[in-house]
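Chain by chain, the residues run as shown.
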Amino acid sequence: MSIRKACSALRIDRSLYTYKSKRGDQAALKHRIKEICETRVRFGYRRVHVLLLREGWAVNQKRIRRLYNEMGLQLRNKTPKRRVKAKLRDDRTEATHTNQVWAMDFVHDQLATGRKLRILTIVDTFSRYSPATDPRFSYRGEDVVQTLERVCHEVGYPKTIRVDNGSEFISRDMDLWAYANDVILDFSRPGNPPFGGASLACRAMNDNAFIESFNGSFRSECLNANWFMSLDDAREKLEAWRRDYNPVS
């Protein structure tokens, strides 16, 4: 049967059969959305849309929401085990000069009185130089930004910072700071560990091995060797250890 007769039998206009969508291919946009969600696993479609606009994509929020839902990337409050949506990215390349890649994490300790401390540790993966070991009683995204601003004014801004997916690192304050200063936040890669029986925590440790190695030395040489009577006392002793560590490392 000819197309004309078929359209007549179905009572549809022939132009409907021959119509071709003028919308461009969505493959590139879908690929970029997927890349963002693989590295920023707690981002919803709204924050994905903000990142895309920064990169120059001329798309509205409704399209991002539709594609986001089609690919099954909706956030869940409780992600079922063994059903993690994010996949591994390509292997990272090693840093070749100072301030190219930093690694950052938190270490926990306490004062002699028992009050908890959170210590932000930072290390340059190329030179092994530590620009900061900053203790506080609590840390929010804006506190991390404050410490980074102080440090970067002294030693310069890095190109990339490797971090885990902690709430302080995925906060809006960190995101805006990184965007304003052209710094890439390289998040830990979630997914099944490469060796059987190991936990996701072990995977995160291997994914950011530089900071884990630094934190091991920091704990054994400083935290386990000192009593901290107050926050100021902790800052003084941590800074003394850092100044001693940097020339040695």
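Residues numbered from 1 in each chain as written. Predicted model: local features only at pLDDT ≥ 70, side-chain atom pairs only at ≥ 80, totals over all residues. Heavy atoms only, no water.

**Side note on the overall build of the protein chain**
In plain terms, the rule: Strands are runs of DSSP state E lasting at least two residues, helices are runs of H or I lasting at least four, and both sets are numbered from the N terminus onward. For every residue, the accessible area (1.4 Å probe, protein chains only) is compared with the maximum for its type, and the residue is labelled buried under 20%, exposed over 50%, or partly exposed between those bounds. We call two residues contacting when some pair of their heavy atoms lies within 4.5 Å. In this description, accessible areas are obtained by the Shrake-Rupley approach with a 1.4 Å probe, and a residue is regarded as covered only by the protein chains that are shown.
For the protein chain, the count of helices and strands is ten helices and five strands. Relative to its full complement of 249 residues, the protein chain shows a buried share of 41%. Residue pairs at least 24 apart in sequence account for 59% of intrachain contacts in the protein chain once pairs closer than 6 positions are excluded. Accessible area for the protein chain stands at about 15200 Å²; split by element, carbon and sulfur atoms hold 50% of it.

**Looking at the packing of aromatic side chains**
For the record, the criterion: Each Phe, Tyr or Trp ring (for Trp, its six-membered ring) is paired with any other whose centre lies within 6.5 Å, and the angle between the two planes then decides the class: stacked below 30 degrees, edge-to-face above 60, tilted in between. Here, a charge over a ring means that NZ of Lys or CZ of Arg falls within 6 Å of the ring centre while also lying within 35 degrees of the ring normal.
Enumeration over the complete set of coordinates arrives at nine aromatic pairs. Measuring from ring centre to ring centre gives 6.0 Å for tyrosine 157 and tryptophan 177, while their planes differ by 35 degrees; the resulting arrangement is tilted. Pair noted here: tyrosine 157 is in the loop between α6 (141-155) and β4 (160-163) and tryptophan 177 is in helix α7 (residues 172-180), with a separation of 20 residues, a long-range link. Its relative accessible area of 6% is what places tryptophan 177 among the buried residues. One aromatic cluster is present, formed by Phe214, Phe218, Trp241 and Tyr245 through successive ring pairs. Across from the ring centre of tyrosine 179, 4.0 Å away, lies the NZ or CZ of arginine 54, which sits over that ring. Over the face of the ring belonging to phenylalanine 137 we find arginine 115, whose NZ or CZ atom lies 3.6 Å from the ring centre.

**Things to note about the confidence of the model for the protein chain**
Put simply, the test is: For every residue, the pLDDT score states the predictor's confidence, bounded by 0 at the bottom and 100 at the top.
For the protein chain, the mean per-residue pLDDT works out to 83, and 83% of the residues sit at or above 70. Long-range and interchain partners of residues 79-90, a stretch whose pLDDT sits below 50, account for 20 contacts in this model, where long-range means more than four residues apart.

**Describing the pairing of strand β2 (residues 116-124)**
Side-chain direction in a regular strand flips from residue to residue, so the side chains alternate between the two faces of the sheet. Keep this limit in mind: Two strands pair if DSSP finds at least two bridges between them.
For β2, a buried count of eight out of nine residues is recorded, marking the element as mostly surrounded by other parts of the structure. Pairing geometry for strand β1 (residues 101-110) and β2, over nine bridges, is antiparallel. From the neighbouring strand, alanine 103 faces β2, where its bridge partner is valine 123. In sequence, β1 turns back onto β2 through a hairpin of five residues, with glycine 114 there showing a positive phi of about 100 degrees.

**What to know about the pattern of salt bridges**
Here the idea is simple: oppositely charged side chains can pair when their charged atoms come close. What counts is decided by this rule: Here, a salt bridge means any side-chain nitrogen of Lys or Arg that lies within 4 Å of a carboxyl oxygen of Asp or Glu.
Under the counting rule described, the total for this entry stands at 15 salt bridges. For arginine 136, the salt bridge goes to aspartate 143, with nearest N and O atoms at 3.4 Å. By the burial criterion, arginine 136 is buried, and aspartate 143 matches it.

**Details of the packing of helix α4 (residues 45-54) against α7**
Using the following cut-off: To obtain an axis, a line is fitted to C-alpha atoms, over the contacting stretch when the element is a helix, and the angle between two such axes runs from 0 to 180 degrees between their N-to-C directions. Orientation labels follow simple angle bins: below 35 degrees gives roughly parallel, above 145 gives roughly antiparallel, 65 to 115 gives roughly perpendicular, and whatever is left gives oblique. We call Asp, Glu, Lys and Arg charged. Ala, Val, Leu, Ile, Met, Phe, Trp, Tyr, Cys and Pro are nonpolar, and the rest, Gly among them, are polar.
Put simply, α4 and α7 touch, their axes get as near as 13 Å, and they point 5 degrees apart. With respect to α7, the axis of α4 lies roughly parallel. Here Arg47, Leu51 and Arg54 of α4 come into contact with α7, specifically with Arg172, Asp175, Leu176 and Tyr179. Of the residues assigned to the contact of α4 with α7, the class counts are three nonpolar, no polar and four charged.

**Examining unusual backbone geometry**
Positive phi values are uncommon outside glycine, yet arginine 11 reaches one of about 60 degrees. Along the chain, arginine 11 falls in the loop between α1 (3-10) and α2 (14-18). In this structure, arginine 128 is a non-glycine residue whose phi angle is positive, near 65 degrees. Residue position: arginine 128 is located in the loop between β2 and β3 (132-136).

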